[in-house]
Amino acid sequence: MATADLRAGFLESLFTAGHLIPTGARGVYGRGSTFEAIREGFDRLVTRAAAAEGAERLRFPPLIPRATFESSGYLRSFPHLAGTIFGFDGSEAAAAEQFETASRHDDWSGFQTMTDLVLVPAACYPIYPAIAARPPLAGLGATIDPGGSYVFRHEPSDDPARLQMFHMRELVRIGPPDAVLAWRDAWIGRGLGLLRGLGLDVESDLAADPFFGRSGRMLAASQREQQLKIELLVPISGPQRTAVASFNYHQSYFAALHGIRRADAGEVHTACLGFGHERIVLALLWAHGLDPADWPADVRTEIGL
């Protein structure tokens, strides 16, 4: 069966089982109670795996100031994925005209202006300016747990594993280069163990971000050459593999961008990891079946079902 047919069939079965709830927009779905129970159970599993690190818990909304976003370089690398927020700030007459235009489902974008907020594309983005605003880092730096935040990527798709709004459970490491890279590499092995413990057929591989345009292809090649991004891949909707987690070494990029400093004046590097909640739930439903009551007992125990 063709890949598109497998994905369409799996998506329909998820709707029928109540795991996902259609909204009328591609890649934007509600989640049923069982789906959420699995997702939250996996999040607790990551929390337990990270407990010994004593990471500082910081929580941010899935929005960042537009000025922070503009300075990040995201629009150079991923203009096709960005989600900006617009709002109305016009007269009463313009409001009435906007309503009439929108009621006809015509283009009413001309009545809207850009606000100072952008949908966050990765949960780690608000972390770097927050740490930069503090005193210089002491010792081996900091590990930050921003939780499992909603993030946005503008990728409308009928692939159930390619959502526009989804949860990314991240951890962020900031500190001396050797310590940061060792942390990233240790978590690759830890991530493989977590997913294999859930009965998933997982592999790791070098990867690159979906950079835009001709220069983006050069950036992707450089990223692979330097092994800056490692992904964990599992089957979803067929034998083909989908990335469900990534482990990223930014070198000095974010630290230099935001002015993060160390007390000893040494170089600061950063790394982050991200587990895609929804993709991991989908992988579990694909691997073990749509009814968690029929899953292997050890998997149910790990998730806390």
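Scroll up for the structure.
Described below are features of the structure shown in this document. These numbers come from a predicted model, not from an experiment.

### Some points on the packing of aromatic side chains
- All told, the structure shown has eleven aromatic pairs when counted by the stated rule.
- Look at phenylalanine 69 and tyrosine 74: their rings are 5.3 Å apart centre to centre, the planes differ by 45 degrees, and that puts the pair in the tilted class.
- Geometrically, the ring pair formed by tyrosine 74 and phenylalanine 78 is tilted, given 4.9 Å between the ring centres and 55 degrees between the ring planes.
- A relative accessible area of 4% places tyrosine 74 in the buried class.
- Taken together, the ring pairs connect Phe69, Tyr74, Phe78, Tyr125, Tyr128, Tyr253 and Phe254 into an aromatic cluster.
- Over the face of the ring belonging to tryptophan 187 we find arginine 190, whose NZ or CZ atom lies 4.4 Å from the ring centre.

### Comments concerning the layout of surface pockets
- Size it by volume and the largest pocket reaches roughly 1,300 Å³.
- Lining the largest pocket are 48 residues; nearest its centre among them are Phe78, Asp209, Gln223, Lys229 and Asn248.
- Those elements that provide at least two residues to the lining of the largest pocket are helix 4 (74-77), strand 8 (165-175), helix 8 (213-225), strand 10 (229-235), strand 11 (241-251), helix 9 (253-258), strand 12 (269-276) and helix 10 (277-288).
- Residue composition of the lining of the largest pocket, grouped by class: 25 nonpolar, 13 polar and ten charged.

### A few points about the environment of phenylalanine 69
- By the secondary structure assignment, phenylalanine 69 is in helix 3 (residues 66-71).
- Separated by 37 residues in sequence, phenylalanine 69 and aspartate 106 place their C-alpha atoms 30 Å apart.
- Residues within four places of phenylalanine 69 in sequence aside, it is in contact with Ile64, Tyr74, Leu75, Ala82, Val118 and Pro121.

### Describing the sheet that holds strand 4 (residues 63-65)
- Read from one edge to the other, the open sheet built from three strands follows the order 4-6-5, with strand pairing classed as antiparallel. If you trace the sheet from one side to the other, it starts and ends with strand 4 and strand 5 (84-88), each paired once. Each adjacent strand pair in this sheet contributes to an overall mean axis angle of 55 degrees, direction not counted.
- Pairing analysis gives four bridges linking strand 5 to strand 6 (residues 112-119), with the strands arranged antiparallel. Pairing of phenylalanine 86 across the sheet is with methionine 114, part of strand 6.

### Comments concerning the pattern of salt bridges
- On inspection of all chains with the given rule, the structure shows 16 salt bridges.
- When the shortest N-O distance is used, the salt bridge between aspartate 158 and arginine 26 registers 3.4 Å. Here the residue aspartate 158 occupies a position in the loop between strand 7 (142-152) and strand 8, and arginine 26 occupies one in the loop between strand 1 (20-25) and strand 2 (28-31), the gap between them amounting to 132 residues.
- Aspartate 158 sits in the partly exposed class, given a relative accessible area of 47%.
- According to the relative accessible area criterion, arginine 26 is partly exposed, its value standing at 44%.
- Among the ionic pairs, arginine 162 bridges to glutamate 155, the shortest N-O distance being 3.2 Å.
- Judged by relative accessible area, arginine 162 falls into the partly exposed class, the value being 32%.
- Taken together, the shared-partner salt bridges connect Asp43, Asp145 and Arg169 into one network.

### Notes on empty space enclosed by the protein
- Counted under the stated rule, the structure contains one cavity of 30 Å³ or more.
- Roughly 40 Å³ of internal volume is contained in the largest cavity.
- The wall of the largest cavity is formed by Phe60, Pro61, Val120, Ala123, Pro126, Pro146 and Ser149.
- For the lining of the largest cavity, the per-class residue count stands at six nonpolar, one polar and no charged.

### Thoughts on the nonpolar core
- Counting residues in each nonpolar core, the largest one holds 78 residues, and the members touching the most others are Phe42, Ile174, Trp187, Ile260, Phe275 and Leu284.
- Aside from chain neighbours lying at most four places away, what touches isoleucine 174 is Ile127, Tyr128, Ile131, Leu137, Leu140, Gly141, Ala142, Val180, Ile260, Val268, His269 and Thr270.

### Some remarks on the state of the cysteines
- One pass over the full model with this rule turns up zero disulfides.
- Cysteine 124 carries a free sulfur, and the closest cysteine sulfur to it, the one in cysteine 272, is 4.2 Å from it.
- Overall, the relative accessible area of 3% leaves cysteine 124 in the buried class.
- Classification of cysteine 272 as buried rests on a relative accessible area of 5%.

Rules behind the numbers
Residues numbered from 1 in each chain as written. Predicted model: local features only at pLDDT ≥ 70, side-chain atom pairs only at ≥ 80, totals over all residues. Heavy atoms only, no water. Phe/Tyr/Trp six-rings, centres within 6.5 Å; stacked < 30°, edge-to-face > 60°. Buried < 20%, exposed > 50% of the residue type's maximum accessible area, 1.4 Å probe, protein only. Lys NZ or Arg CZ within 6 Å of the ring centre and 35° of its normal. 1 Å grid on protein atoms, 1.4 Å probe; cavity = no way out; pocket = protein on both sides within 12 Å on 5 of 7 lines; lining within 4 Å. Points joined across faces, edges and corners; volume = space filled by probe spheres on them. Helix = DSSP H or I, 4+ residues; strand = E, 2+ residues; numbered from the N terminus. Nonpolar A, V, L, I, M, F, W, Y, C, P; charged D, E, K, R; others polar. Contact = heavy atoms within 4.5 Å. Pairing = 2+ DSSP bridges. Axes fitted to C-alpha atoms, helices over the stretch in contact; angles between N-to-C directions. Salt bridge = Lys/Arg side-chain N within 4 Å of Asp/Glu carboxyl O. Core = buried A, V, L, I, M, F, W, Y, C linked by side-chain atoms within 4.5 Å. Disulfide = S-S within 2.5 Å.

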